[in-house]
Amino acid sequence: MRAIEITRPGGPEVLEWREVPEPQVERGDVLIDVTASALNRADVLQRNGMYDPPPGAPPYPGLEVSGVVAEVGSDVEHFKAGDEVCALLGGGGYAERVVVPWQQVMPAPEGVPLKEAAGLPEVACTVWSNVFMLGRLRRGETLLVHGGASGIGTFAVQLAKALGSRVVATVGTAEKAEQVRRLGADEVINYREEDFAEKVQADVILDIIGAKYLAGNLKALRTGGRLVIIALQGGARGEIDLSTLIAKRASVHATTLRARPVDEKGAIVRSVVDNVWPLVAAGAVRPIVYAELPMSEAAEAHRMLDSGEHVGKILLVR
(Lines give C-alpha, C1' and ligand atoms only; values in the text may rest on other atoms or scores of the structure.)
Protein backbone atom coordinates (compact mmCIF):
# COMPACT_ATOMS: atom_id res chain seq x y z
CA MET A 1 0.00 0.00 0.00
CA ARG A 2 0.99 3.67 -0.04
CA ALA A 3 1.29 6.11 2.84
CA ILE A 4 2.76 9.50 3.64
CA GLU A 5 6.17 9.07 5.21
CA ILE A 6 8.08 11.72 7.15
CA THR A 7 11.48 11.41 5.49
CA ARG A 8 13.22 13.62 8.06
CA PRO A 9 12.17 16.29 10.58
CA GLY A 10 11.33 19.55 8.84
CA GLY A 11 8.80 21.51 6.82
CA PRO A 12 5.96 20.22 4.64
CA GLU A 13 8.42 19.21 1.91
CA VAL A 14 9.57 16.21 4.04
CA LEU A 15 6.21 14.48 3.51
CA GLU A 16 6.33 11.92 0.68
CA TRP A 17 3.75 9.47 -0.76
CA ARG A 18 5.56 6.13 -0.78
CA GLU A 19 5.08 2.38 -0.95
CA VAL A 20 5.09 0.91 2.55
CA PRO A 21 4.39 -2.52 4.09
CA GLU A 22 0.80 -3.67 4.48
CA PRO A 23 -0.57 -3.48 8.05
CA GLN A 24 -1.14 -6.77 9.84
CA VAL A 25 -4.49 -7.53 11.49
CA GLU A 26 -4.36 -8.93 15.02
CA ARG A 27 -7.22 -10.56 16.95
CA GLY A 28 -8.73 -7.33 18.27
CA ASP A 29 -8.11 -5.16 15.22
CA VAL A 30 -10.18 -3.63 12.45
CA LEU A 31 -8.59 -3.05 9.03
CA ILE A 32 -10.02 0.04 7.32
CA ASP A 33 -9.75 0.96 3.65
CA VAL A 34 -9.26 4.68 4.13
CA THR A 35 -11.60 7.10 2.37
CA ALA A 36 -10.14 10.23 3.98
CA SER A 37 -7.99 11.46 6.84
CA ALA A 38 -7.80 14.89 8.46
CA LEU A 39 -4.99 17.16 9.59
CA ASN A 40 -4.29 18.02 13.22
CA ARG A 41 -1.64 20.16 14.92
CA ALA A 42 -0.15 16.99 16.36
CA ASP A 43 0.74 15.96 12.79
CA VAL A 44 2.83 19.12 12.44
CA LEU A 45 4.64 18.40 15.70
CA GLN A 46 5.34 14.86 14.50
CA ARG A 47 6.57 16.21 11.16
CA ASN A 48 8.98 18.48 13.04
CA GLY A 49 10.35 15.58 15.07
CA MET A 50 8.75 16.79 18.31
CA TYR A 51 5.93 14.27 18.87
CA ASP A 52 6.59 10.59 18.27
CA PRO A 53 3.61 8.25 17.90
CA PRO A 54 2.84 6.07 20.92
CA PRO A 55 4.33 2.54 21.06
CA GLY A 56 2.69 0.20 18.58
CA ALA A 57 1.17 2.95 16.42
CA PRO A 58 2.13 3.25 12.73
CA PRO A 59 4.92 5.77 12.04
CA TYR A 60 2.88 7.73 9.51
CA PRO A 61 1.00 10.86 10.63
CA GLY A 62 -2.77 11.03 10.89
CA LEU A 63 -4.91 10.76 14.02
CA GLU A 64 -8.31 10.10 12.41
CA VAL A 65 -9.82 8.49 9.34
CA SER A 66 -13.07 7.50 7.73
CA GLY A 67 -13.50 4.53 5.45
CA VAL A 68 -14.89 1.03 4.91
CA VAL A 69 -14.04 -2.01 7.01
CA ALA A 70 -12.01 -4.46 4.92
CA GLU A 71 -11.29 -7.13 7.55
CA VAL A 72 -11.72 -7.74 11.27
CA GLY A 73 -9.74 -9.81 13.74
CA SER A 74 -11.10 -13.01 15.26
CA ASP A 75 -12.11 -11.29 18.53
CA VAL A 76 -14.04 -8.42 16.93
CA GLU A 77 -17.82 -8.67 17.24
CA HIS A 78 -19.01 -5.10 16.78
CA PHE A 79 -17.89 -4.53 13.17
CA LYS A 80 -17.81 -6.49 9.93
CA ALA A 81 -16.44 -6.10 6.41
CA GLY A 82 -18.34 -3.45 4.47
CA ASP A 83 -19.26 -1.25 7.44
CA GLU A 84 -18.78 2.48 6.94
CA VAL A 85 -16.83 3.75 9.93
CA CYS A 86 -14.55 6.43 11.28
CA ALA A 87 -11.81 5.93 13.83
CA LEU A 88 -9.58 7.59 16.39
CA LEU A 89 -5.94 6.64 15.79
CA GLY A 90 -2.61 6.76 17.54
CA GLY A 91 -1.12 7.41 14.09
CA GLY A 92 -1.12 6.13 10.53
CA GLY A 93 -4.12 7.91 9.04
CA TYR A 94 -2.26 9.31 6.02
CA ALA A 95 -2.39 5.94 4.26
CA GLU A 96 -4.48 3.76 1.99
CA ARG A 97 -5.23 1.32 4.83
CA VAL A 98 -4.88 1.39 8.58
CA VAL A 99 -5.30 -1.13 11.39
CA VAL A 100 -7.12 0.13 14.50
CA PRO A 101 -8.09 -1.51 17.81
CA TRP A 102 -11.84 -2.13 17.57
CA GLN A 103 -12.48 -0.02 20.68
CA GLN A 104 -11.37 3.11 18.77
CA VAL A 105 -13.69 2.51 15.80
CA MET A 106 -17.17 4.01 15.57
CA PRO A 107 -19.93 3.88 12.97
CA ALA A 108 -19.89 6.84 10.62
CA PRO A 109 -22.64 9.17 11.86
CA GLU A 110 -25.82 9.38 9.84
CA GLY A 111 -26.27 12.39 7.60
CA VAL A 112 -22.54 13.05 7.06
CA PRO A 113 -20.76 12.11 3.79
CA LEU A 114 -18.20 9.41 4.52
CA LYS A 115 -15.18 11.51 3.53
CA GLU A 116 -16.31 14.39 5.76
CA ALA A 117 -16.66 11.99 8.68
CA ALA A 118 -12.85 11.82 8.70
CA GLY A 119 -12.87 15.26 10.31
CA LEU A 120 -14.91 14.15 13.33
CA PRO A 121 -13.18 11.53 15.52
CA GLU A 122 -10.31 13.58 16.93
CA VAL A 123 -12.30 16.76 17.54
CA ALA A 124 -15.38 14.98 18.86
CA CYS A 125 -13.39 12.83 21.28
CA THR A 126 -11.20 15.75 22.37
CA VAL A 127 -14.07 18.16 22.97
CA TRP A 128 -16.43 15.67 24.58
CA SER A 129 -13.81 14.15 26.91
CA ASN A 130 -12.31 17.48 27.99
CA VAL A 131 -15.23 19.92 28.05
CA PHE A 132 -17.98 17.58 29.19
CA MET A 133 -16.52 14.46 30.80
CA LEU A 134 -13.65 16.24 32.59
CA GLY A 135 -14.75 19.90 32.61
CA ARG A 136 -18.36 18.98 33.44
CA LEU A 137 -19.84 21.85 31.42
CA ARG A 138 -23.56 22.11 32.18
CA ARG A 139 -26.52 23.74 30.51
CA GLY A 140 -26.56 27.48 31.22
CA GLU A 141 -22.84 27.69 32.04
CA THR A 142 -20.31 29.65 29.95
CA LEU A 143 -17.58 27.98 27.89
CA LEU A 144 -14.56 29.97 26.69
CA VAL A 145 -12.88 28.33 23.68
CA HIS A 146 -9.45 29.53 22.61
CA GLY A 147 -8.77 29.06 18.90
CA GLY A 148 -12.43 29.16 18.00
CA ALA A 149 -11.74 28.85 14.27
CA SER A 150 -9.69 25.66 14.57
CA GLY A 151 -11.07 22.19 14.01
CA ILE A 152 -11.46 21.68 17.75
CA GLY A 153 -12.77 25.20 18.23
CA THR A 154 -15.46 25.03 15.56
CA PHE A 155 -16.68 21.71 16.98
CA ALA A 156 -16.62 22.91 20.60
CA VAL A 157 -18.64 26.02 19.75
CA GLN A 158 -21.34 23.97 18.04
CA LEU A 159 -21.51 21.19 20.61
CA ALA A 160 -21.63 23.44 23.67
CA LYS A 161 -24.29 25.60 22.04
CA ALA A 162 -26.35 22.55 21.07
CA LEU A 163 -26.27 21.40 24.70
CA GLY A 164 -27.47 24.71 26.08
CA SER A 165 -24.35 26.58 27.14
CA ARG A 166 -23.25 30.15 26.47
CA VAL A 167 -20.17 30.14 24.26
CA VAL A 168 -17.36 32.68 23.96
CA ALA A 169 -14.48 32.12 21.52
CA THR A 170 -11.18 33.82 20.75
CA VAL A 171 -9.95 34.26 17.16
CA GLY A 172 -7.29 36.28 15.35
CA THR A 173 -9.16 38.01 12.51
CA ALA A 174 -12.47 39.71 11.83
CA GLU A 175 -13.23 37.20 9.07
CA LYS A 176 -12.78 34.27 11.43
CA ALA A 177 -14.89 36.05 14.04
CA GLU A 178 -17.81 36.29 11.63
CA GLN A 179 -17.60 32.63 10.68
CA VAL A 180 -17.44 31.50 14.32
CA ARG A 181 -20.47 33.66 15.14
CA ARG A 182 -22.37 31.87 12.39
CA LEU A 183 -21.59 28.58 14.14
CA GLY A 184 -23.42 29.82 17.21
CA ALA A 185 -20.87 31.62 19.40
CA ASP A 186 -22.58 34.21 21.62
CA GLU A 187 -19.46 36.37 21.76
CA VAL A 188 -16.21 36.35 19.77
CA ILE A 189 -13.08 38.14 20.97
CA ASN A 190 -10.25 39.13 18.62
CA TYR A 191 -7.22 38.40 20.77
CA ARG A 192 -5.08 40.77 18.69
CA GLU A 193 -7.27 43.70 19.68
CA GLU A 194 -8.84 42.83 23.05
CA ASP A 195 -7.88 41.17 26.33
CA PHE A 196 -10.20 38.20 26.80
CA ALA A 197 -9.54 38.18 30.56
CA GLU A 198 -11.11 41.63 30.85
CA LYS A 199 -14.22 40.67 28.91
CA VAL A 200 -15.40 37.24 30.01
CA GLN A 201 -16.10 35.14 33.07
CA ALA A 202 -16.28 31.46 32.20
CA ASP A 203 -17.19 28.27 34.01
CA VAL A 204 -15.04 26.12 31.71
CA ILE A 205 -12.09 27.19 29.53
CA LEU A 206 -10.75 24.96 26.75
CA ASP A 207 -7.19 26.16 26.15
CA ILE A 208 -4.69 25.31 23.40
CA ILE A 209 -2.16 28.03 24.27
CA GLY A 210 -0.73 27.06 27.65
CA ALA A 211 1.76 29.26 29.51
CA LYS A 212 1.10 32.49 27.61
CA TYR A 213 -2.59 32.46 28.59
CA LEU A 214 -2.28 30.94 32.06
CA ALA A 215 -2.65 34.14 34.10
CA GLY A 216 -5.44 35.43 31.86
CA ASN A 217 -7.28 32.12 32.04
CA LEU A 218 -7.19 32.10 35.84
CA LYS A 219 -8.51 35.67 35.87
CA ALA A 220 -11.31 34.72 33.46
CA LEU A 221 -12.48 31.74 35.53
CA ARG A 222 -15.60 32.07 37.64
CA THR A 223 -15.75 30.70 41.17
CA GLY A 224 -15.69 26.93 40.82
CA GLY A 225 -14.38 27.22 37.27
CA ARG A 226 -12.45 24.52 35.40
CA LEU A 227 -9.49 25.27 33.14
CA VAL A 228 -8.63 22.42 30.74
CA ILE A 229 -5.32 22.74 28.87
CA ILE A 230 -4.95 20.45 25.85
CA ALA A 231 -2.04 22.03 23.92
CA LEU A 232 0.96 24.29 24.50
CA GLN A 233 1.18 26.58 21.48
CA GLY A 234 2.14 29.47 23.79
CA GLY A 235 4.72 27.64 25.88
CA ALA A 236 4.93 24.92 28.51
CA ARG A 237 6.22 26.75 31.59
CA GLY A 238 4.21 29.28 33.57
CA GLU A 239 3.45 30.40 37.11
CA ILE A 240 0.14 29.80 38.86
CA ASP A 241 -1.14 32.25 41.45
CA LEU A 242 -2.35 29.68 43.96
CA SER A 243 -4.16 32.32 45.98
CA THR A 244 -6.38 33.04 42.96
CA LEU A 245 -6.99 29.33 42.45
CA ILE A 246 -7.90 28.86 46.12
CA ALA A 247 -10.08 31.96 46.31
CA LYS A 248 -12.05 30.85 43.26
CA ARG A 249 -12.12 27.18 44.31
CA ALA A 250 -11.07 26.55 40.73
CA SER A 251 -9.24 23.63 39.14
CA VAL A 252 -6.67 23.23 36.38
CA HIS A 253 -6.48 20.09 34.25
CA ALA A 254 -3.86 19.28 31.62
CA THR A 255 -4.64 16.34 29.36
CA THR A 256 -3.72 14.54 26.19
CA LEU A 257 -5.67 12.01 24.13
CA ARG A 258 -3.18 10.35 21.82
CA ALA A 259 -1.09 8.55 24.43
CA ARG A 260 -3.99 7.16 26.48
CA PRO A 261 -4.44 3.38 26.75
CA VAL A 262 -6.83 1.70 24.33
CA ASP A 263 -9.42 1.05 27.04
CA GLU A 264 -9.55 4.74 28.00
CA LYS A 265 -9.86 5.81 24.37
CA GLY A 266 -12.55 3.18 23.91
CA ALA A 267 -14.59 4.56 26.80
CA ILE A 268 -14.41 8.05 25.27
CA VAL A 269 -15.36 6.72 21.82
CA ARG A 270 -18.41 4.91 23.20
CA SER A 271 -19.52 8.01 25.08
CA VAL A 272 -19.15 10.10 21.91
CA VAL A 273 -21.28 7.62 19.92
CA ASP A 274 -23.96 7.70 22.61
CA ASN A 275 -24.01 11.43 23.32
CA VAL A 276 -22.59 13.30 20.32
CA TRP A 277 -23.48 11.26 17.23
CA PRO A 278 -27.24 11.85 17.70
CA LEU A 279 -26.59 15.61 17.57
CA VAL A 280 -24.50 15.16 14.41
CA ALA A 281 -27.23 13.04 12.81
CA ALA A 282 -29.79 15.73 13.68
CA GLY A 283 -27.66 18.44 12.04
CA ALA A 284 -27.09 20.36 15.28
CA VAL A 285 -23.34 19.74 15.00
CA ARG A 286 -21.44 19.18 11.77
CA PRO A 287 -17.86 18.90 10.55
CA ILE A 288 -16.57 22.22 9.22
CA VAL A 289 -14.41 21.41 6.19
CA TYR A 290 -12.10 24.15 4.92
CA ALA A 291 -10.45 22.20 2.09
CA GLU A 292 -10.07 18.72 0.58
CA LEU A 293 -6.81 17.66 -1.08
CA PRO A 294 -5.62 14.33 -2.50
CA MET A 295 -3.69 12.39 0.13
CA SER A 296 -0.62 12.41 -2.11
CA GLU A 297 -0.61 16.21 -1.70
CA ALA A 298 -0.18 16.11 2.07
CA ALA A 299 2.71 18.55 1.83
CA GLU A 300 0.47 21.21 0.31
CA ALA A 301 -2.18 20.50 2.94
CA HIS A 302 0.41 21.05 5.67
CA ARG A 303 1.43 24.36 4.09
CA MET A 304 -2.21 25.37 4.30
CA LEU A 305 -2.38 24.33 7.95
CA ASP A 306 0.88 26.13 8.76
CA SER A 307 -0.51 29.37 7.29
CA GLY A 308 -3.16 29.52 10.01
CA GLU A 309 -5.73 30.93 7.57
CA HIS A 310 -8.11 27.97 7.66
CA VAL A 311 -11.38 27.67 9.54
CA GLY A 312 -12.27 24.10 10.52
CA LYS A 313 -10.67 20.96 9.15
CA ILE A 314 -8.40 20.19 6.19
CA LEU A 315 -9.04 16.75 4.72
CA LEU A 316 -6.82 14.38 2.77
CA VAL A 317 -8.98 12.32 0.41
CA ARG A 318 -8.13 9.07 -1.36
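On a predicted model such as this, the values are computed, not experimentally measured, just so you know.

Conventions used here
Residues numbered from 1 in each chain as written. Predicted model: local features only at pLDDT ≥ 70, side-chain atom pairs only at ≥ 80, totals over all residues. Heavy atoms only, no water. Helix = DSSP H or I, 4+ residues; strand = E, 2+ residues; numbered from the N terminus. Contact = heavy atoms within 4.5 Å. 1 Å grid on protein atoms, 1.4 Å probe; cavity = no way out; pocket = protein on both sides within 12 Å on 5 of 7 lines; lining within 4 Å. Points joined across faces, edges and corners; volume = space filled by probe spheres on them. Nonpolar A, V, L, I, M, F, W, Y, C, P; charged D, E, K, R; others polar. Core = buried A, V, L, I, M, F, W, Y, C linked by side-chain atoms within 4.5 Å. Buried < 20%, exposed > 50% of the residue type's maximum accessible area, 1.4 Å probe, protein only. Pairing = 2+ DSSP bridges. Right-handed = clockwise from strand over helix to strand, strands pointing away. Axes fitted to C-alpha atoms, helices over the stretch in contact; angles between N-to-C directions.

## Describing the environment of Gly-172
And step 1. With respect to the helices and strands, Gly-172 occurs in the loop between β9 (166-171) and α4 (174-182).
And step 2. The spatial distance from the C-alpha of Gly-172 to the C-alpha of Cys-86 is 31 Å, given a sequence separation of 86 residues.
And step 3. Those residues in contact with Gly-172 that sit more than four places away from it in its chain are Asn-190, Tyr-191 and Arg-192.

## As for empty space enclosed by the protein
And step 1. Across all of its chains, the model carries 1 cavity of 30 Å³ or more by this definition.
And step 2. As for the largest cavity, its lining consists of Gly-119, Val-123, Gly-151, Thr-154, Phe-155, Gln-158, Arg-286, Pro-287, Ile-288 and Lys-313.
And step 3. With 4 residues, the top contributor of residues to the lining of the largest cavity is helix α3 (residues 151-162).
And step 4. A breakdown of the residues in the lining of the largest cavity according to their chemical character gives 4 nonpolar, 4 polar and 2 charged.

## A few points about the nonpolar core
And step 1. The biggest cluster of nonpolar side chains holds 65 residues, and the ones touching the most others in it are Phe-155, Leu-159 and Trp-277.
And step 2. Sort the elements by how many residues they give to this core and helix α2 (residues 121-134) lands first, with 7 residues.
And step 3. Of all hydrophobic cores here, the second largest spans 27 residues; its members include Val-14, Val-44, Val-105 and Ala-301.

## Here we look at the pairing of strand β14 (residues 289-294)
And step 1. Pairing between β14 and strand β15 (residues 313-317): 5 bridges, direction parallel. Note on β15: the bridge partner recorded for Val-289 is Lys-313.
And step 2. Viewed along the sheet, the connection from β14 through helix α10 (residues 298-307) into β15 turns out right-handed.

## A look at the sheet that holds strand β12 (residues 221-229)
And step 1. Spatially, β10-β9-β8-β11-β12-β13 is the arrangement adopted by the 6 strands of the open sheet, whose pairing is parallel. For this open sheet the edge positions go to β10 (187-190) and β13 (251-254), each flanked by a neighbour on one side alone. Ignoring strand direction, the axes of neighbouring strands in this sheet form an average angle of 15 degrees.
And step 2. In terms of strand pairing, strand β11 (residues 202-207) meets β12 through 5 bridges, oriented parallel. Looking at β12, one finds that Ala-202 is bridged to Leu-221.

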